[in-house]
Amino acid sequence: MSRRVCEPVTVDCFPNGEPYRVRFAGAGAYCTVLAIREHWREWLGALDGEPERDIWQVELPQGVCELHCLRDPLAPPPIPEYWLLDRWED
C-alpha cells in the first residue's frame, strides 16, 4: 500500500541522473539510496504543457519511496529540474 506525500526534496545524483542520496524538507542529514527498484519516464503530459517526469522508485533506510524529477521542456537550457517525494510504500 502506498500513500501520497507530494513534498519537495533535495536529491543528489550521479552524472547519469541516478539519485544516490535524498534530503527531506526540514531534515539536516541526507539519506543514502540503498537500491533503485524501478525507473521510468513520463513525457506524454509534456504535450499539454506539463513538465516531463523521471520517476524513480528507490529504497532508503526508512523504506521504499517514489521520487519524481520534473523538468519544464519549454525552459531554456540548461533545463531546471526539481524533485518531489511523491509517495511512500508500506
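This structure is a prediction, so every number in the text was calculated from the model and none was measured. (Residues numbered from 1 in each chain as written. Predicted model: local features only at pLDDT ≥ 70, side-chain atom pairs only at ≥ 80, totals over all residues. Heavy atoms only, no water.)

**Examining the state of the cysteines**
Per the stated rule, a full pass over the model turns up zero disulfides. Left without a disulfide partner, cysteine 6 is nearest to the cysteine sulfur of cysteine 65, which lies 13 Å away. Assessed through its relative accessible area of 40%, cysteine 6 is described here as partly exposed. (Disulfide = S-S within 2.5 Å. Buried < 20%, exposed > 50% of the residue type's maximum accessible area, 1.4 Å probe, protein only.)

**What to know about unusual backbone geometry**
For cysteine 6, which is not glycine, the phi dihedral falls at a positive 55°. Here cysteine 6 lies in strand 1 (residues 2–13). (Helix = DSSP H or I, 4+ residues; strand = E, 2+ residues; numbered from the N terminus.)

**Quick look at the side chain of aspartate 12**
Checked against the element boundaries, aspartate 12 lands in strand 1. For aspartate 12, a relative accessible area of 19% gives the class buried. A polar contact of 2.6 Å, which involves the side chain of aspartate 12, links it to the side chain of arginine 21. Among all residues touching aspartate 12, those that are not within four sequence positions of it are Glu18, Pro19, Tyr20, Arg21 and Tyr30. (Polar contact = N/O pair within 3.5 Å; in protein donor to acceptor, adjacent residues only side chain to side chain. Contact = heavy atoms within 4.5 Å.)

Keep in mind these values describe shape, not function.
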